[in-house]
Amino acid sequence: MLNGLAVGCIYGLVALGFVLIYKATELVNFAQGDLLMLGAFTCYMFVVWYGVGYWVAFALAVALVALFGAVLDATILRRIIGQPQFSVVMLTIGLGAIFRSFASIAWGSEIYTLPTPFSARATRLAGVAVSHEYVSIIIGTVVLCAVLYAFFTFTRIGLAMQASSQNQLAAYYMGIPVKLMFSLIWAISAGVAAIAGVLLAPVSLIDINLGFIGLKAFAAAVLGGFGSIPGALVGGITIGLIELFSGAYLPQGFKDVAAYVVLLVVLAVRPQGMFGAITRKKV
Amino acid sequence: MSVRFVFKTSYDQDLGIFRDDVQRNWYLALLVGLLVLPLLIPAYVVDVSLVFIYGLCGLSLMVLAGYTGLVSLGHAAFLGIGAYTHVYVVHDLGLPWVVGVALACVVTAAVGVLVGLPALRMTGVYLSIATLAFALIIQEALTRWERVTGGLKGKAVEKPVVFGVHLGGDTAFYFLCLAFLIAGLWLTGNLLRAPTGRAWVAIRDSEIAAQSMGVNLAVYKTSAFAYSAALMGVAGALFAHKIGFLAPDIFTVLLSIQFLLMVVVGGLGSLHGALFGAVFVALLPVAISQARDSIPVWLSAIASPFGKEAGAATFLAVDQFVKKPGLEPGLFGVILVLFILFEPLGIYGRWRKIQLYFSTFPLYKRATFRRQKTYMRSERLR
Amino acid sequence: MSLFAADGLVMDFGGLRAVDGVSFQIEPGEVFTIIGPNGAGKTTIFNLVSRIYEPTAGRLIFDGEDITRVPPHEVARRGIARTFQNIELFEHATVLQNLLLGRHAHKRSRFVEELLFLPSVRALELEHREAVERVIDFLDLQPHRDNLVVNLAYGVRKVVEMARALCTRPRLLLLDEPSSGLSVEETEDMAFWIQDIRTVLGVTVLMVEHDMSLVSSVSDRVLAVNYGRPIALGTAREVQEHPDVIKAYLGG
């Protein structure tokens, strides 16, 4: 149960990254999972290669990936805003392939484990062994969501970001530096992916294909309506639990595709997701 | 070079597959070239056969993504279904080869309809995500349904026997693929100059207007899916023979992305583009493997004036770098990004620009093809 | 008997009632115009008539048949064609291809025939082409025939869109703000064309329009709406002088 909840949180965090970028720029970032992978690898590199402490490495990894996200926006992604969706999809897929290739060249295609302060420790809670790694994921998600919520609701920059995602032109006229806001949103989104990556690393293993978790996070984002931040989290947790139960009760093989089946069913039955609203083109 | 005008004297002229006689003669010359190609470069016949198979895949995705505007991220799954159906029918059921191809075509078309129906309610990127999910499910199914697919152990494929004739040789297979590609091009070209093709393009550009002009969106989106899938099924049957061994991990998302790369690099919305893209994607790995051997040698030659050690060290370092396994997909990624950013019209678009440059010289205006800068236009309301 | 009748049309968007009990009849061969201030529900009425929206209540009757539940793509086949306020052309196709799509409602070839491009398909294509060429001649579009729509000026696109609608051989033509975005000269040309469409082709026209000079020069009858309700019906002059209409426009 806790297991599924924790994995669901990771899906939710990656989905959150999708949603942030989608809401702000209407780009769907197919490289989100690969940003997660970069985050995990960067943290691993600091901890194991350079012997940096876990928390410092965590912070460094998140900061670096966030910075990378901002640079990515400023140099590449900004150029294609306003182009058809198709170009965007292809562009981010291409970027994802480049990241994976970069990771395999820089860090090799072996599989690594990230040692953490909570590795292989467990507390007995009401007679059930509770692994600290899973607890760390859940706590991390809750804290991160609280911080993000506060940021978007109470700070000027957060409000400015909301404004620029709702009406680009109007925000621009009101003196909000829209380009900077977009870069910041990319930074936040990449940072969230990196956090998810570092949190996931102890329970999963780090390899260059870690990013494929992004595909399952799509299911979470779609389930949540692709535009709703709480929806993304709820969607993520739902997918995590569905996976857990289908692994337990259904024949082998279903666990791996459960997320995709849910995704297809949701898209076919209720394309706007659980939290989304129907919109249609005005003529 | 002068501007070439096409004089038209009847509406019939606009219905031909070729623009004019000059164009037709160029294509005839190309065909003759392809017919004698196996004599000229026998070593590359297998690679060129793959170009033809990929050409069919390119056509398939061009119909769906380039003409109808439905971007599928799961076309490798259709290729897989086609390949496995064909091999199962021919090897396990012992039916004739032609029946295998026909059934591969029919089964994939049927699956295409099944995917197309829920896709009617989705737009834009949602459809891409859904097809991606579909492909991942199919891949898992191919792994698990061992009785038919052989599971992870895979399945060996024998050489094709068409109407009792053994096509064991590479050259024979080359002509088989070429014949299928030409047939595919002809059929697709026919559809595109008929009402069906126009309805597809209409859906791509404005669903609502297409609907108001009497286009039944459900019928035409589904037919685009079915036709595209059927082409993919035929390509799958040929592909099975080309690789000689089927395993579920051949038909991955990465392969789907390569197909998309084909239509982007070639140029969306043109049949030429599909073929240019196929040539590019099929031959790039060949070029890369050649480059892997030659680049370290070149670079060490450049470094050798600085001493023998420098040359040898460069050779070793570069050699180690270019032989990293992750490099090739990364290179594909780089190419994709560069094309999207700098040449969204693809190779075919670049080709047209060069043609126009020479035919209007010295009056060519760069601005002719410039993209208009627009503010973010919401695609949520499509 | 009237060609088209709307009977008690109601359209709700969530809690907002955009159209509230609108009824009108259009006689064969007339130009019927709907006017009203911004947000009065004119375009919504239009989208109801062309079946893009599902009415909350009310009936649509065309040529004596109830078309309230007919799917949108079927409407064109019955003889209703429309244009759009912000132009919905197929931008990456040529003018000719756009107009040929207008013939889609008259498509008679089957998929397999088209796949093989049988002689019958070729003959039908030539038929479509001739029909399109007649429209091209009618609206003077010859110079633009092989241009891509993206390369055309806005005014020309408006005409192309009207031509595409005419290619369906409609009996009722719906024009959504034909003059919006056009210069004064282009609007005058548009007035001539609308009159020609009515007198030469005998097509009945339902139009939504802002430009009162165009409205008064071509309309036989005008319906004014405000807040989704009809407030006046009559000739252009009668409606313009109606006290409720003046109040609606001046916001009294």
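Per chain, residue numbering runs from 1 following the sequence as it is written. Labels follow written order: the first chain is A, the first ligand is 1, and so on. Thresholds applied to this predicted model are a pLDDT of at least 70 for local features of residues and 80 or more for the giving and counting of side-chain atom pairs; totals over whole chains, interfaces and linings are not thresholded and use all residues. Side-chain metrics in this entry use all non-hydrogen atoms of the structure; hydrogen atoms and water are not considered.

Moving on, we get to the overall build of chain A. Only DSSP runs of H or I covering at least 4 residues are called helices, and only runs of E covering at least 2 are called strands; the numbering of each starts at the N terminus. When helices and strands are tallied, chain A shows 11 helices and two strands. When the helices and strands of chain A are listed from N to C terminus, the series reads α-α-α-α-β-β-α-α-α-α-α-α-α. The buried share among the 283 residues of chain A stands at 59%. Two residues qualify as a contact provided that any one of their heavy atoms is within 4.5 Å of a heavy atom in the partner residue. Considering only contacts in chain A between residues 6 or more positions apart, those separated by 24 or more positions represent 74%. Here the Shrake-Rupley method, with its probe set to 1.4 Å, supplies the accessible areas, and only the displayed protein chains count as covering residues. Accessible area for chain A stands at about 11,500 Å²; split by element, carbon and sulfur atoms hold 70% of it. Accessible area is worked out with a 1.4 Å probe on protein chains only. A residue is then buried under 20% of its type maximum, exposed over 50%, and partly exposed in between.

Empty space within the second largest pocket amounts to approximately 1,000 Å³. Together, 39 residues line the second largest pocket, and Asn209(A), Phe212(A), Ile213(A), Lys216(A) and Tyr260(A) are the ones closest to its centre. At the level of secondary structure, the elements contributing two or more residues to the lining of the second largest pocket comprise helix H1 (2–25), helix H4 (85–107), helix H9 (213–223), helix H10 (229–249) and helix H11 (254–269) of chain A together with helix H5 (124–144) and helix H11 (253–266) of chain B. Grouping the constituent residues of the lining of the second largest pocket by class yields 20 nonpolar, 12 polar and seven charged. Grid spacing is 1 Å over the protein atoms alone, the probe is 1.4 Å, and a cavity is where that probe fits but cannot get out, while a pocket is an open set with protein on both sides within 12 Å along at least five of seven lines and lining residues have an atom within 4 Å of a point. Grid points are joined across faces, edges and corners, and a volume is the space filled by probe spheres set on the points. Under this grouping Gly is polar, as are all residues other than the nonpolar Ala, Val, Leu, Ile, Met, Phe, Trp, Tyr, Cys and Pro and the charged Asp, Glu, Lys and Arg.

Residues and elements named next belong to chain A. At a minimum axis distance of 9 Å, the contact between H9 and H11 shows a crossing angle of 35°. Crossing angle aside, the handedness with which H9 passes H11 is left-handed. Contacts between H9 and H11 involve Leu215, Lys216, Phe218, Ala219, Val222 and Leu223 from the former and Asp256, Ala259, Tyr260, Val262, Leu263, Val266 and Leu267 from the latter. Considering only residue class, the contact of H9 with H11 consists of 11 nonpolar, no polar and two charged. With axes taken as lines fitted to C-alpha atoms, and helix axes fitted only over the stretch in contact, angles between N-to-C directions fall between 0 and 180 degrees. In this scheme, a crossing is called left-handed if the near helix is turned counterclockwise away from the far one by less than a right angle; it is called right-handed if the turn is clockwise.

Right, let's talk about the pairing of strand E9 (residues 221–226) of chain C for a bit. Working note: regular strand, side chains alternate between the two faces of the sheet. Residue and element names in this part refer to chain C. Burial runs high along E9: five of the six residues are buried. Only strands that DSSP links by at least two bridges are regarded as paired with each other. As paired strands, E9 and strand E10 (residues 229–234) are joined by five bridges and run antiparallel to one another. Directly across from leucine 223, in E10, lies its bridge partner leucine 233.

The next subject is the sheet that holds strand E5 (residues 65–66) of chain C. Two orientations exist for strands paired in a sheet by backbone hydrogen bonds: parallel and antiparallel. Residues and elements named next belong to chain C. One open sheet holds the four strands; their spatial order is E2-E1-E4-E5, and the pairing between them is antiparallel. The two strands at the open ends of the sheet, each matched to only one other strand, are strand E2 (16–26) and E5. Note that strand E1 (residues 4–13) and strand E4 (residues 57–62) share five bridges and pair antiparallel. Within E4, the residue paired with valine 10 across the bridge is alanine 57. Packing against the sheet, helix H1 (residues 42–49) makes contact with E1, E2 and E4, and its axis sits at approximately 65° to E2.

A few words now on the confidence of the model for chain C. pLDDT is a residue-level measure of predictor confidence that goes from 0 to 100. In the predicted model, chain C carries a mean pLDDT of 90, and the fraction of residues at 70 or more is 100%. On the interface metric, ipTM, the complex scores 0.89, and its pTM is 0.86.

Residues and elements named next belong to chain C. Each domain's extent is set by a domain assignment, obtained either automatically or from a database. On domain assignment, one finds that chain C holds domain 1 (1–79 + 171–252) and domain 2 (92–169). Between the C-alpha centres of domain 1 and domain 2 there is a distance of 26 Å. Each side of the interface is counted separately: domain 1 has 17 residues, and domain 2 has 11 residues. Throughout, buried area stands for the accessible area (probe radius 1.4 Å) lost by two parts on being put together, summed over both. Interface area for domain 1 against domain 2, summed over the two sides, is near 1,200 Å², with a carbon-plus-sulfur share of 77%. Polar contacts, as used here, are pairs of N or O atoms within 3.5 Å; protein pairs need one atom able to donate a hydrogen and one able to accept it. Residues neighboring in sequence count only if both atoms are side-chain atoms. Joining domain 1 to domain 2, the criterion identifies two residue pairs in polar contact (both at pLDDT 80 or more). Listed by contribution, the elements that provide at least two residues to the side of domain 1 that touches domain 2 are helix H2 (72–78), strand E7 (172–176) and helix H7 (184–199).

With 23 residues, helix H7 (residues 170–192) of chain B extends 33 Å from end C-alpha to end C-alpha; this agrees with the ideal 33 Å at 1.5 Å per step. Residues of H7(B) that are buried include every one of Phe173(B), Tyr174(B), Leu176(B), Cys177(B), Leu178(B), Leu181(B), Gly184(B), Thr188(B), Gly189(B), Asn190(B), Leu191(B) and Leu192(B), and no others. Working rule for helices: expected span equals 1.5 Å times residues minus one.

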